[in-house]
Amino acid sequence: MLSWEECQELTHGVKGVLFRAFPTRQEAANWLNGVSAPAPKGLRIYVDGSFLEGYPKAGWGFIVVENDQEVAHGSGVTVFDAESRNIDGEVMASYQAMRWLENNDRTAVICHDYEGVARWAKGEWKAKSSIAKKYVEACRPLVHRVSFEKVAAHTGVKWNEAVDQLAKNAIARAKKAEGATQAAKVPPRNLLDERLNEGQNAAQAAPVKPSEAPDASLAAKPVTEAVRAKPLPEPLKDPKTGQMSLPL
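A few points on the structure. (Residues numbered from 1 in each chain as written. Predicted model: local features only at pLDDT ≥ 70, side-chain atom pairs only at ≥ 80, totals over all residues. Heavy atoms only, no water.)

## Let's talk about the nonpolar core
Right, on to step 1. Counting residues in each nonpolar core, the largest one holds 29 residues, and the members touching the most others are Ile45, Phe62, Met98, Trp100, Trp120, Tyr135 and Phe148.
Right, on to step 2. Those elements that provide at least two residues to this core are strand 1 (43-51), strand 2 (58-66), helix 3 (86-104), strand 4 (108-112), helix 4 (116-121), helix 5 (130-139) and strand 5 (146-150).
Right, on to step 3. Examining the composition of this core, we find that seven residues originate from one element, helix 3, more than from any other.
Right, on to step 4. Here Ile45 is in contact with Phe62, Ile63, Val64, Ala97, Trp100, Leu101, Ala108, Val109, Ile110 and Cys111, once residues within four sequence places are set aside.
Right, on to step 5. By size, the runner-up hydrophobic cluster in this structure holds nine residues, among which are Tyr46, Cys111, Val157 and Leu166. (Core = buried A, V, L, I, M, F, W, Y, C linked by side-chain atoms within 4.5 Å. Buried < 20%, exposed > 50% of the residue type's maximum accessible area, 1.4 Å probe, protein only. Helix = DSSP H or I, 4+ residues; strand = E, 2+ residues; numbered from the N terminus. Contact = heavy atoms within 4.5 Å.)

Structure representation (C-alpha coordinates):
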(Lines give C-alpha, C1' and ligand atoms only; values in the text may rest on other atoms or scores of the structure.)
Protein backbone atom coordinates (compact mmCIF):
# COMPACT_ATOMS: atom_id res chain seq x y z
CA MET A 1 0.00 0.00 0.00
CA LEU A 2 1.32 3.45 -0.90
CA SER A 3 1.81 6.09 1.73
CA TRP A 4 0.09 9.48 1.65
CA GLU A 5 3.29 11.19 0.51
CA GLU A 6 3.85 8.60 -2.27
CA CYS A 7 0.29 9.06 -3.56
CA GLN A 8 0.71 12.83 -3.52
CA GLU A 9 3.96 12.61 -5.48
CA LEU A 10 2.39 10.35 -8.11
CA THR A 11 -0.64 12.58 -8.63
CA HIS A 12 0.94 16.03 -8.33
CA GLY A 13 0.67 17.95 -11.58
CA VAL A 14 -1.28 15.21 -13.38
CA LYS A 15 -4.16 16.79 -15.28
CA GLY A 16 -7.62 15.57 -14.30
CA VAL A 17 -6.42 13.70 -11.19
CA LEU A 18 -7.94 14.66 -7.83
CA PHE A 19 -6.04 14.15 -4.60
CA ARG A 20 -7.87 14.54 -1.32
CA ALA A 21 -8.13 13.08 2.14
CA PHE A 22 -10.97 11.28 3.92
CA PRO A 23 -11.30 10.51 7.62
CA THR A 24 -12.42 6.91 6.90
CA ARG A 25 -12.15 4.31 4.15
CA GLN A 26 -15.93 4.24 3.89
CA GLU A 27 -16.09 7.95 3.14
CA ALA A 28 -13.43 7.53 0.46
CA ALA A 29 -15.39 4.66 -1.10
CA ASN A 30 -18.58 6.71 -1.00
CA TRP A 31 -16.86 9.58 -2.78
CA LEU A 32 -15.50 7.27 -5.49
CA ASN A 33 -19.01 5.87 -6.00
CA GLY A 34 -20.55 9.34 -6.19
CA VAL A 35 -22.20 9.13 -2.80
CA SER A 36 -21.96 12.41 -0.87
CA ALA A 37 -20.61 11.93 2.62
CA PRO A 38 -22.66 13.49 5.40
CA ALA A 39 -21.13 16.55 7.02
CA PRO A 40 -19.49 15.82 10.39
CA LYS A 41 -21.70 16.56 13.36
CA GLY A 42 -20.79 18.63 16.38
CA LEU A 43 -18.48 21.58 16.83
CA ARG A 44 -15.30 21.68 14.75
CA ILE A 45 -12.74 24.46 14.44
CA TYR A 46 -10.56 24.68 11.35
CA VAL A 47 -7.25 26.46 11.93
CA ASP A 48 -4.46 27.55 9.59
CA GLY A 49 -1.46 29.85 9.30
CA SER A 50 0.14 31.74 6.44
CA PHE A 51 3.41 33.50 5.67
CA LEU A 52 4.19 35.96 2.90
CA GLU A 53 7.79 36.49 1.77
CA GLY A 54 8.84 40.06 2.49
CA TYR A 55 6.42 40.55 5.41
CA PRO A 56 7.82 39.78 8.88
CA LYS A 57 4.70 38.52 10.67
CA ALA A 58 2.64 35.36 10.14
CA GLY A 59 -1.10 35.35 9.53
CA TRP A 60 -3.50 33.13 11.45
CA GLY A 61 -7.16 32.24 11.20
CA PHE A 62 -9.81 29.93 12.63
CA ILE A 63 -13.37 29.12 11.58
CA VAL A 64 -15.83 27.59 14.03
CA VAL A 65 -18.21 25.20 12.27
CA GLU A 66 -21.22 23.42 13.76
CA ASN A 67 -23.13 20.89 11.66
CA ASP A 68 -21.35 22.27 8.59
CA GLN A 69 -22.45 25.85 9.30
CA GLU A 70 -20.04 28.64 10.24
CA VAL A 71 -20.86 30.12 13.63
CA ALA A 72 -17.75 32.24 14.29
CA HIS A 73 -14.32 33.04 12.95
CA GLY A 74 -11.23 35.01 13.91
CA SER A 75 -8.01 36.08 12.22
CA GLY A 76 -5.00 38.35 12.60
CA VAL A 77 -1.22 38.45 12.48
CA THR A 78 1.32 37.50 15.11
CA VAL A 79 2.39 40.24 17.51
CA PHE A 80 6.09 39.56 16.97
CA ASP A 81 8.01 38.73 13.82
CA ALA A 82 7.62 35.09 12.79
CA GLU A 83 10.62 32.94 13.64
CA SER A 84 9.33 29.82 11.87
CA ARG A 85 7.36 31.36 8.98
CA ASN A 86 3.81 29.93 8.73
CA ILE A 87 4.29 27.64 11.75
CA ASP A 88 3.93 30.69 14.00
CA GLY A 89 0.55 31.32 12.40
CA GLU A 90 -0.54 27.67 12.68
CA VAL A 91 0.02 27.47 16.44
CA MET A 92 -1.39 30.95 17.04
CA ALA A 93 -4.58 29.93 15.23
CA SER A 94 -4.88 26.84 17.42
CA TYR A 95 -4.31 28.85 20.59
CA GLN A 96 -6.89 31.47 19.56
CA ALA A 97 -9.39 28.68 18.81
CA MET A 98 -8.86 27.28 22.32
CA ARG A 99 -9.40 30.75 23.77
CA TRP A 100 -12.69 31.01 21.88
CA LEU A 101 -13.80 27.70 23.36
CA GLU A 102 -12.80 28.81 26.85
CA ASN A 103 -14.70 32.10 26.52
CA ASN A 104 -17.79 30.28 25.25
CA ASP A 105 -17.47 27.26 27.57
CA ARG A 106 -17.45 24.75 24.71
CA THR A 107 -15.43 21.77 23.56
CA ALA A 108 -14.57 20.95 19.95
CA VAL A 109 -12.39 19.14 17.44
CA ILE A 110 -9.55 21.28 16.10
CA CYS A 111 -8.95 20.44 12.45
CA HIS A 112 -5.42 21.33 11.36
CA ASP A 113 -3.05 20.61 8.48
CA TYR A 114 0.23 21.16 10.36
CA GLU A 115 1.06 18.14 12.49
CA GLY A 116 2.83 20.09 15.21
CA VAL A 117 -0.41 21.77 16.27
CA ALA A 118 -1.56 18.53 17.91
CA ARG A 119 1.81 16.92 18.64
CA TRP A 120 3.13 19.81 20.74
CA ALA A 121 -0.19 20.41 22.52
CA LYS A 122 -0.45 16.73 23.53
CA GLY A 123 3.21 16.46 24.52
CA GLU A 124 4.05 13.97 21.76
CA TRP A 125 6.74 16.28 20.34
CA LYS A 126 9.35 17.96 22.48
CA ALA A 127 9.09 21.73 22.16
CA LYS A 128 12.56 22.94 21.15
CA SER A 129 11.98 26.20 19.31
CA SER A 130 10.92 29.37 21.08
CA ILE A 131 7.54 29.47 19.36
CA ALA A 132 6.83 25.82 20.21
CA LYS A 133 7.64 26.42 23.88
CA LYS A 134 5.36 29.47 24.00
CA TYR A 135 2.54 27.50 22.36
CA VAL A 136 2.81 24.59 24.79
CA GLU A 137 2.84 26.93 27.77
CA ALA A 138 -0.08 29.02 26.51
CA CYS A 139 -2.41 26.14 25.63
CA ARG A 140 -1.67 23.97 28.66
CA PRO A 141 -4.66 25.27 30.68
CA LEU A 142 -6.95 25.11 27.62
CA VAL A 143 -6.09 21.86 25.85
CA HIS A 144 -8.61 19.84 27.88
CA ARG A 145 -11.34 21.44 25.75
CA VAL A 146 -10.14 20.01 22.44
CA SER A 147 -9.34 16.91 20.45
CA PHE A 148 -7.40 17.08 17.21
CA GLU A 149 -7.93 15.89 13.65
CA LYS A 150 -5.31 16.10 10.91
CA VAL A 151 -6.58 17.45 7.58
CA ALA A 152 -4.51 17.27 4.40
CA ALA A 153 -3.64 20.75 3.13
CA HIS A 154 -4.88 22.01 -0.24
CA THR A 155 -6.92 18.94 -1.09
CA GLY A 156 -10.32 20.55 -1.56
CA VAL A 157 -11.60 20.27 2.02
CA LYS A 158 -14.07 23.18 2.05
CA TRP A 159 -13.47 24.67 5.48
CA ASN A 160 -9.74 24.07 5.39
CA GLU A 161 -9.49 25.99 2.12
CA ALA A 162 -11.63 28.76 3.60
CA VAL A 163 -9.48 29.17 6.71
CA ASP A 164 -6.33 29.13 4.58
CA GLN A 165 -7.69 32.16 2.70
CA LEU A 166 -8.68 33.80 5.98
CA ALA A 167 -5.07 33.65 7.22
CA LYS A 168 -3.78 35.09 3.93
CA ASN A 169 -6.33 37.91 4.06
CA ALA A 170 -5.15 38.77 7.57
CA ILE A 171 -1.66 39.50 6.24
CA ALA A 172 -3.02 41.60 3.37
CA ARG A 173 -5.19 43.57 5.79
CA ALA A 174 -2.28 44.16 8.19
CA LYS A 175 0.02 45.32 5.38
CA LYS A 176 -2.60 47.78 4.16
CA ALA A 177 -3.15 49.16 7.67
CA GLU A 178 0.59 49.59 8.26
CA GLY A 179 0.96 51.34 4.91
CA ALA A 180 -1.78 53.81 5.85
CA THR A 181 -0.11 54.46 9.20
CA GLN A 182 3.22 55.22 7.52
CA ALA A 183 1.52 57.58 5.06
CA ALA A 184 -0.12 59.45 7.95
CA LYS A 185 3.30 60.13 9.50
CA VAL A 186 4.49 62.09 6.44
CA PRO A 187 4.23 65.84 7.32
CA PRO A 188 1.76 67.84 5.19
CA ARG A 189 3.25 69.92 2.38
CA ASN A 190 3.56 73.67 3.03
CA LEU A 191 2.58 75.05 -0.35
CA LEU A 192 3.43 78.65 0.61
CA ASP A 193 6.99 77.73 1.56
CA GLU A 194 7.33 75.71 -1.62
CA ARG A 195 6.19 78.68 -3.74
CA LEU A 196 8.67 81.00 -2.00
CA ASN A 197 11.49 78.52 -2.44
CA GLU A 198 10.63 78.09 -6.09
CA GLY A 199 10.76 81.88 -6.56
CA GLN A 200 14.14 82.15 -4.85
CA ASN A 201 15.59 79.30 -6.85
CA ALA A 202 14.29 80.82 -10.09
CA ALA A 203 15.82 84.22 -9.23
CA GLN A 204 19.19 82.62 -8.53
CA ALA A 205 19.13 80.65 -11.73
CA ALA A 206 17.91 83.51 -14.01
CA PRO A 207 20.61 84.93 -16.41
CA VAL A 208 21.64 88.55 -16.00
CA LYS A 209 20.54 90.83 -18.87
CA PRO A 210 23.25 92.93 -20.61
CA SER A 211 21.50 96.16 -19.57
CA GLU A 212 21.58 95.05 -15.91
CA ALA A 213 25.26 94.14 -15.89
CA PRO A 214 27.62 96.54 -14.06
CA ASP A 215 29.67 98.87 -16.31
CA ALA A 216 33.07 97.27 -16.42
CA SER A 217 34.60 100.49 -17.70
CA LEU A 218 33.74 102.24 -14.45
CA ALA A 219 35.50 99.65 -12.37
CA ALA A 220 38.60 99.83 -14.54
CA LYS A 221 38.82 103.66 -14.82
CA PRO A 222 41.54 105.06 -12.47
CA VAL A 223 40.84 108.10 -10.35
CA THR A 224 43.11 110.88 -11.75
CA GLU A 225 41.38 114.05 -10.54
CA ALA A 226 41.49 115.36 -7.03
CA VAL A 227 38.72 117.39 -5.52
CA ARG A 228 39.76 121.06 -5.37
CA ALA A 229 38.86 122.86 -2.18
CA LYS A 230 37.17 126.28 -2.50
CA PRO A 231 39.31 129.16 -1.09
CA LEU A 232 38.16 130.65 2.21
CA PRO A 233 36.84 134.26 2.07
CA GLU A 234 39.00 137.07 3.40
CA PRO A 235 38.33 137.92 7.06
CA LEU A 236 36.56 141.21 7.78
CA LYS A 237 37.38 143.68 10.53
CA ASP A 238 34.56 145.05 12.69
CA PRO A 239 35.17 148.86 12.68
CA LYS A 240 33.60 149.28 16.12
CA THR A 241 35.24 146.44 18.01
CA GLY A 242 38.25 145.85 15.86
CA GLN A 243 37.62 142.02 15.92
CA MET A 244 38.25 139.89 12.83
CA SER A 245 35.49 137.47 11.59
CA LEU A 246 34.60 135.39 8.56
CA PRO A 247 31.46 136.20 6.63
CA LEU A 248 28.83 133.46 6.65
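## Some remarks on the layout of surface pockets
Empty space left among the atoms is revealed by rolling a probe the size of a water molecule over them.
Right, on to step 1. Of the volumes computed, that of the second largest pocket is approximately 310 Å³.
Right, on to step 2. Lining the second largest pocket are 13 residues, with Thr78, Phe80, Met92, Ile131 and Lys134 sitting closest to its centre.
Right, on to step 3. Those elements that provide at least two residues to the lining of the second largest pocket are helix 3 and helix 5.
Right, on to step 4. For the lining of the second largest pocket, a count of residues per class yields eight nonpolar, one polar and four charged. (1 Å grid on protein atoms, 1.4 Å probe; cavity = no way out; pocket = protein on both sides within 12 Å on 5 of 7 lines; lining within 4 Å. Points joined across faces, edges and corners; volume = space filled by probe spheres on them. Nonpolar A, V, L, I, M, F, W, Y, C, P; charged D, E, K, R; others polar.)

## Observations regarding the packing of aromatic side chains
Right, on to step 1. One pass over the structure, following the stated rule, counts three aromatic pairs.
Right, on to step 2. Taking 6.0 Å as the distance between ring centres and 55° as the angle between the ring planes, the aromatic pair formed by Tyr114 and Trp120 counts as tilted.
Right, on to step 3. Trp120 gets classed as buried once you look at its relative accessible area, which sits at 10%.
Right, on to step 4. Look at Trp120 and Trp125: their rings are 5.8 Å apart centre to centre, the planes differ by 80°, and that puts the pair in the edge-to-face class.
Right, on to step 5. Taking the relative accessible area as the measure of exposure, Trp125 reaches 32% and is therefore partly exposed.
Right, on to step 6. Among the aromatic residues, those joined into a cluster by ring pairs are Tyr114, Trp120 and Trp125. (Phe/Tyr/Trp six-rings, centres within 6.5 Å; stacked < 30°, edge-to-face > 60°.)

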